[in-house]
Each structure stands twice: as C-alpha cells, then as structure tokens.
Amino acid sequence: MKTNKYIPMAVNGGIGFGAKLKPKQLAVLGNYLDEDTEIELTTLQQLIVQIPEAELEEAQRTFDEVGLHYYKVGKYVKNLRTCNFCKGEEEEGMPVAKELNRRIAGQEVPFTLKPAYTGCPIGCGEPLINDIGVMKDKDTFELYIGGKSKGRDARTGKLVKSNLHPEELYELVERILNLYRENGKKRENFYRFVDRFGIENIKQEIHID
C-alpha cells in the first residue's frame, strides 16, 4: 500500500510591520491540512506545515497567490527574523531587510542558520543573539555574527563591520555564508564555526580591514 509522503515547509506572511497573517492566508493553509493536524509555530515567525508531496507544486502556486512566503526546512538559512518596523518602512530599512532575505533565505549551509534584522539600535529583532545579525543605525548598517541565545554560554555576536551601505552588507553576508559552506563541518552550529575559525580569521578571509 502506497502512503503519502509529506514535505515540511516553513510558512509566513513575509517581512512587514510585525508577524501577521490574513484570514485568506489561513484559509489557504487549511486546505492542505487535516482536521487533527498540528501546526508548529516557531520563534522565527514561521508556521511549520506538512504538505503532501503530490500537492506541493499546487500548494506553492496557491501560496504565491495569497502572498504567503515559504521556505525549506532543515540545513538551510532561515528566513530573516525582523523587528516590527515601528518607526516606519523607510526609516528602519524594510526594503533592505526584504532584499537581504530574498538573497540568503533557503541557501544550503552545514547546519540550520538563523539571521535576524532590526531597524534601530533598540534591537527588537534580537540581532545580537542570532547567528547573523544586522542592525540599522541612522543611514548605515552594522553586521554581527556568532550570537547564541540559549544555554549557560549564551552570548552576543561579534561585530564584523559597521557603517555599511546596503550593497556592502549584502556582499559581506554572502561572503560569510560562502566561507561557512566551504569550511564548516557537517552539522556544525554557526557559532561553533565562528569560535573555531576565529573572528579575526573570518575578517581576513572576507577581506575586512
């Protein structure tokens, strides 16, 4: 007897003013779920849903139609966790957050990697305790890596560079991800990679003075 194979997908409403879903989006999700199916709500502003493999392409088309964003689950760069952009889209750099997310979310890496973004130094998006953190400060951006939010060894990330303009930010993040892919061990957490490789070596490899 052939059984259905299910594919896990991380779903959310995209980057906006807070983590929100519209009724029509929830209704679409319900079309692919049995009555007793449990949906996992993660700390990354995602819902984890199991989609029958045979219906995956149809589901993705339907999600696109209602503005749902979806990502792979597993050893990939997660979608960008963000603040609520309480001071406004332009002042807090929502377009930059959206573009960074478009470029990096879903990239394959040695182990699940969590990036975060915040639009001002208050840091509501918690960039300093995530694997890769971006903080907007006035008209430029700061990039941090190697933060850890859990355990007795929890710590803030290390500053890679400040005063970055958007294109510089995108390029540096891409270089860091490439370095992690090329040198990270199988299932090596990103903060462990940063500790092992060394922040100064990382800066040297990605050409930071």
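Shown above is the structure to which this text applies.
First, a word on scope: everything that follows refers to the structure included in this document. Computed from a prediction, not measured in an experiment: that's the story for all the values here.

**So, the overall build of the protein chain**
Helix and strand counts for the protein chain come out as six helices and eight strands. Ordered by position from the N terminus, the helices and strands of the protein chain form the series β-α-β-β-α-β-α-β-β-β-β-α-α-α. For 209 residues, the compact-globule formula gives about 17 Å, and the C-alpha radius of gyration of the protein chain, at 18 Å, lands near that figure. Principal-axis analysis of the C-alpha atoms places the extent of the protein chain at approximately 60 × 40 × 30 Å. Every one of the 209 residues in the protein chain was classed for burial, and the buried ones make up 47%. In the protein chain, 62% of the contacts between residues at least 6 apart in sequence involve partners at least 24 apart. For the protein chain, the exposed area adds up to about 11,700 Å²; of that, 46% sits on carbon and sulfur atoms. Of note, the protein chain has its 31 positive side-chain charges centred 5 Å away from the centre of its 33 negative side-chain charges.

**Notes on the side chain of Gln 46**
Looking at the element boundaries, Gln 46 is found in the loop between β2 (40-41) and β3 (47-52). What Gln 46 contacts, discounting residues up to four positions off in sequence, is Ala 10, Val 11, Asn 12, Glu 40, Leu 41, Tyr 71, Lys 78 and Asn 79.

**Concerning the sheet that holds strand β1 (residues 6-12)**
Pairing is antiparallel across the open sheet formed by four strands, whose spatial order is β2-β3-β1-β4. One side of each edge strand has no neighbouring strand; the edge strands of this open sheet are β2 and β4 (69-72). The pairing of β2 with β3 spans two bridges and is antiparallel. Residue Leu 41 lies in a different strand from β3, and its bridge partner there is Leu 47.

**Digging into the sheet that holds strand β6 (residues 132-137)**
Pairing in this open sheet of four strands is mixed, and the strands run β5-β6-β7-β8 from one edge to the other. Each end of this open sheet is capped by a strand with a single partner; those strands are β5 (115-118) and β8 (158-164). Taking the axes of each pair of neighbouring strands and ignoring which way they run, one obtains an average angle of 15° across the sheet. Note: β5 against β6, four bridges, orientation parallel.

**Some details on the packing of aromatic side chains**
The tally for this structure, following the rule as stated, stands at eight aromatic pairs. Judged by centre distance (6.0 Å) and plane angle (80°), the rings of Tyr 32 and Phe 63 are edge-to-face. Pair noted here: Tyr 32 is in the loop between α1 (23-30) and β2 and Phe 63 is in helix α2 (residues 56-66), with a separation of 31 residues, a long-range link. Judged on exposure class, the residue Tyr 32 and its partner Phe 63 are both buried. Among the aromatic side chains, those forming a connected cluster through ring pairs are Tyr 180, Phe 190, Phe 193 and Phe 197.

**Quick look at the pairing of β3**
Each regular strand carries side chains that alternate between the two faces of the sheet. Of all the six residues making up β3, five are buried; the element is thus mostly covered by neighbouring parts of the structure. With six bridges connecting them, β1 and β3 associate as antiparallel partners. By the bridge assignment for β3, Pro 8 is matched with Gln 50. Where β2 folds back onto β3 in an antiparallel hairpin, the turn is made up of five residues, including Gln 45, whose phi is positive at roughly 65°.

**Focus on the environment of Lys 185**
By the secondary structure assignment, Lys 185 is in the loop between α4 (166-183) and α5 (190-197). In sequence terms Lys 185 and Lys 72 are 113 residues apart; their C-alpha atoms lie 21 Å from each other. Other than its neighbours up to four places away in sequence, Lys 185 contacts Pro 110 and Arg 196.

**Side note on the packing of α4 against α5**
In contact at an axis separation of 11 Å, α4 and α5 are set at 85° when each is read in the N-to-C sense. Here α4 lies roughly perpendicular to α5, going by the angle between them. Contact with α4, carried on its side by Ile 176, Leu 179, Tyr 180 and Asn 183, involves Phe 190, Phe 193, Arg 196 and Phe 197 of α5 and no other residues of that element. Among the residues making up the contact of α4 with α5, the classes are represented as six nonpolar, one polar and one charged.

Definitions and cut-offs
Residues numbered from 1 in each chain as written. Predicted model: local features only at pLDDT ≥ 70, side-chain atom pairs only at ≥ 80, totals over all residues. Heavy atoms only, no water. Helix = DSSP H or I, 4+ residues; strand = E, 2+ residues; numbered from the N terminus. Rg over C-alpha atoms; globule rule 2.2 N^0.38 Å. Buried < 20%, exposed > 50% of the residue type's maximum accessible area, 1.4 Å probe, protein only. Contact = heavy atoms within 4.5 Å. Areas by Shrake-Rupley, 256 points an atom, 1.4 Å probe, with all protein chains shown as cover. Lys, Arg positive; Asp, Glu negative; His and termini not counted. Charge placed at Lys NZ, Arg CZ, Asp CG, Glu CD. Pairing = 2+ DSSP bridges. Axes fitted to C-alpha atoms, helices over the stretch in contact; angles between N-to-C directions. Phe/Tyr/Trp six-rings, centres within 6.5 Å; stacked < 30°, edge-to-face > 60°. Parallel < 35°, antiparallel > 145°, perpendicular 65-115°, else oblique. Nonpolar A, V, L, I, M, F, W, Y, C, P; charged D, E, K, R; others polar.

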